[in-house]
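Tertiary structure, described
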Amino acid sequence: MSDAQVSRFIFHPGFSTADSITAISGRGVGMDVVKVNVDAIGGLIDIVSKPGQGTTITIKIPLTLAIVAALIVVAGEQRFAIPQIVVRELVRVKSGADHRIEDINGAPILRLRGRLLPVIALSALMGTAEPSFDDGFIVVTQIGERQFGILVDGVFHTEEIVVKPMSSKLRHIPLFSGNTILGDGAVVLIVDPNGVAGLVGGTAAGEAFHVDAPSTAAPVLDKTTMLVFRTGAEGLRAVPLSLVTRLEEVDAALFEHGSGRTLLHYRNRLIPVVPVAETRLRQEGLQPLVIISDADMTVALAVDAIVDIVDEVLDIEMAAIQDRGIVGSAMIRGRATDIIDLAHYLPMNERGWRPSGVGSAERAAGADILLVEPSRFLRDMLTPVLKASGHHVVFASDFAAARQELASEAIAVVLIDLDGNIDGAFAFAASLRDTAAGDRLRLIGMTTLVTPDLHMRAGQARLDEVIAKFDRRALLGELADRRPGLREAA
Amino acid sequence: MIPGRNETPEREDARNPAEPQVTAFDSLDYVTVRIGDQLLGLPIGRVHDVFITNRITVVPRAPKEIIGLLNLRGRIVTAVCLRRRLGRPVTFRQDREGKQELVAVGIDHEGEAYALIVDAVGEVMRLDQSTFEPVPVHLDRGWAALATGVHRLEDRLLVVLDVDAILAIELDAAA
């Protein structure tokens, strides 16, 4: 046993070197308690001891989110901490100097590199003192895409602070996210930039200040994982990875040709092999296949090469020609890539291959699914899936358009996007339920991430079910089967 | 001499000090505090410590009863002004450097640390149940809600405060 191991006995409960046990000594719990507590916060403790020289006890405590770097500022006579993470820069303002504060109808504004930055005086916000616009510092703060300036009287330094939660009696104040004790023992309040930003609209008139005026048209949620493959010599095509069941490389000798079709014996079934676009089926060697499967149908898309899986924000240019199996094109990794329309490839095979029930459903129903999804990309991706499974789909980009569609079409199922405006979506769902035909409608919420909390809220909003947007199987299962969902169970 | 303080024999068995929920009725030991001339009693089981501080961090937009935050040995304590809570005007004592000097009674409530700021802290009194009376019916409603009863002392009255009621500060939702 090494010396280090022997030393660590001190951390064992009940371990003692004392000869006798008294009320206060020889219990052997001192360092045990320390170790338990250090472990509890994810830390490490170790001990190195040399007889006659000394002992080093090392305690490593993780820097958690509870410790943040904060800029200590002063406004009026009080100090505040502003989390460093939101601070972009500091600007000194002084009347007559380069940077000075102007105002429009009392709303202070700073010209910063040719743009106007709304300014909020911290002391005015806190009501501690009359703000002085003649001399001070602007803490340029960025929340998401919005920038604004917080005017303070002075800036001290940056300090690593331990965030302590606000007292429950003070938690309702939106301006603060917590409090902390500084090195000199003073309690300071940690300014919540989100809370301040929330007050910008009320205190400083004006529009939200956008940083490089990015296109607001593309929501951040449009980041999608795509499988990119090559067809022919040049053409790059992509399909959302969520639609892909598996990638295979199959010896071309295994393909069976009959009555103009190519079939593959795959996992005890015969599945059709469909070349995508310019792809030519190989006569020998390994053929890369993208297996798309969906309930009872499975199809192998033959491609020339699998290129990559990318996670990209897609801005789709719609295809001018609809019937070529392409939803549209997008720039992926700097190259124009066509997004293929699966619906085009699935029905290329004759009816007999498809489950018969689906086909009849398609003929029987009018418009039966309304897809309310603000993202054009997701609409375009889900529509082929729904169509391929035999549903008639109409879509709407917002709730107002959705209402119009509902008025004019015979809709049985409404798929509602919950990622964009969740409160609006729930309100929309609830209002649908209250209409005359509302009780017969099937309302399904779609989200990127299903959480129990969301599930509960959806139940309250009388949605039938919530499913993950990319869980195609669950979506189709949900549409196929009309069991009672959340609502009846609730 | 404080009535009832020394004469009473030890009655440790009469109450259980380990019981966390000590109400005014089974604990007749009080920490006495003063607001103006009024003598008030806080059940001793609820009082952690008494301290004096001159450093307080004002919290903007806080309910008016909360006058700020204190650092008590590394713990952040919410300071509730008992004067304001009882609807009295606030006066602050100044120390020699002109700073506010605050006398605080430390209390734990629902896992959080609070300090009641009072004018002065007196002694600990042990009183007899026989001198305890319910709150007089004509007492101001604001006071009646915060008191559990009154003790008749020889020369004055001691109002027993309900610590939980005092710390149940209504939050201003609009803030």
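Here the structure is a predicted model, which means the values were calculated and not measured. (Residues numbered from 1 in each chain as written. Chains lettered and ligands numbered in written order. Predicted model: local features only at pLDDT ≥ 70, side-chain atom pairs only at ≥ 80, totals over all residues.)

What follows deals with the overall build of chain A. The helix and strand tally for chain A stands at 12 helices and 30 strands. Within chain A, the fraction of its 490 residues that count as buried is 32%. Within chain A, contacts between residues at least 6 apart in sequence are counted, and of these 57% link residues at least 24 apart. (Helix = DSSP H or I, 4+ residues; strand = E, 2+ residues; numbered from the N terminus. Buried ≥ 20, exposed ≤ 12 C-beta atoms within 10 Å, placed from the backbone. Contact = placed C-beta atoms within 7 Å.)

Helices and strands together make up the secondary structure of chain B, namely 3 helices and 12 strands. For chain B, the proportion of its 175 residues judged to be buried stands at 34%. Restricting the contact set of chain B to residue pairs at least 6 apart, pairs at least 24 apart contribute 55%.

The partner chain A presents 19 residues to the 20 residues of chain B that form the contact. Listing elements by their share of the side of chain B that touches chain A, those giving two or more residues are β4 (66-72) and β5 (75-81) of chain B. The greatest single-element share of the side of chain B that touches chain A, amounting to 4 residues, is contributed by β4(B). Taken together, the residues that form the side of chain B that touches chain A break down as 13 nonpolar, 4 polar and 3 charged. (Nonpolar A, V, L, I, M, F, W, Y, C, P; charged D, E, K, R; others polar.)

At Asn105(A), a position not held by glycine, the phi torsion is positive, near 50 degrees. Examined against the element boundaries, Asn105(A) turns out to sit in the loop between β6 (101-104) and β7 (107-112). We note that Arg73(B) has phi near 50 degrees; this positive angle belongs to a residue other than glycine. Within the secondary structure, Arg73(B) is located in the loop between β4 and β5.

Ile82(A), Leu122(A), Ala79(B), Val80(B), Val105(B), Leu116(B) and Ile117(B) are the most contacted members of the largest nonpolar core, which totals 85 residues. In terms of residues, this core owes the most to one element, strand β3 (residues 67-75) of chain A, which gives 6 residues. If sequence neighbours within four positions are ignored, Leu122(A) has contacts with Ala75(A), Phe80(A), Ile150(A), Leu151(A) and Val152(A). Residues Phe395(A), Leu415(A), Ala429(A) and Ala461(A) belong to the second largest nonpolar core, which totals 32 residues. (Core = buried A, V, L, I, M, F, W, Y, C linked by C-beta atoms within 7 Å.)

Strand pairing within a sheet occurs via backbone hydrogen bonds; the two strands may be parallel or antiparallel. Residue and element names in this part refer to chain A. Taken in spatial order, the 5 strands line up as β11-β3-β4-β13-β12 in an open sheet, and their pairing is mixed. The sheet terminates laterally at β11 (154-162) and β12 (176-181), the two strands that pair on one side only. Sheet twist, expressed as the mean angle between neighbouring strand axes with direction ignored, is 35 degrees. Where β3 lies against strand β4 (residues 78-83), 6 bridges are found, and the strand directions are antiparallel. Directly across from Ala70, in β4, lies its bridge partner Pro83. (Pairing = 2+ DSSP bridges. Axes fitted to C-alpha atoms, helices over the stretch in contact; angles between N-to-C directions.)

This part covers the sheet that holds β7(A). Residue and element names in this part refer to chain A. Ordered by their spatial adjacency, 6 strands build an open sheet running β5-β9-β10-β8-β7-β6, and the pairing between neighbours is mixed. Two strands bound the open sheet, and with one partner strand each, they are β5 (87-94) and β6. Between one strand axis and the next, the sheet turns through 40 degrees on average, direction left out of account. In this structure, β5 lies alongside strand β9 (residues 135-143), joined through 7 bridges in antiparallel fashion. The residue of β9 that forms the bridge with Glu89 is Val140.

This brings us to the confidence of the model for chain B. Mean pLDDT over chain B: 79, with 77% of residues reaching 70 or higher. Across residues 1-24 of chain B, confidence stays below pLDDT 50; counting only partners more than four residues off in sequence or on other chains, it has 21 contacts. (pLDDT = per-residue confidence, 0-100.)

Further remarks concern helix α9 (residues 422-433) of chain A. Residues and elements named next belong to chain A. With 12 residues, α9 extends 17 Å from end C-alpha to end C-alpha; this agrees with the ideal 16 Å at 1.5 Å per step. Every buried residue of α9 is listed here: Ala425, Phe426, Phe428, Ala429 and Leu432. Along α9, the residues classed as buried sweep out an arc of 160 degrees about the axis, all on the same side. Elements in contact with the buried residues of α9: α8 (399-408), β28 (413-417), β29 (442-447) and α10 (452-460). (Expected span 1.5 Å × (residues − 1). Arc of directions from axis to C-beta.)

Residues and elements named next belong to chain A. Most of β28 is tucked away: 4 of the 5 residues are buried. Sheet analysis places strand β26 (residues 369-372) next to β28, joined by 4 bridges and oriented parallel. What sits directly across from Leu370, in β28, is Val414. Sheet analysis places β28 next to β29, joined by 5 bridges and oriented parallel. Bridging from a neighbouring strand, Val413 pairs with Arg442 of β29.

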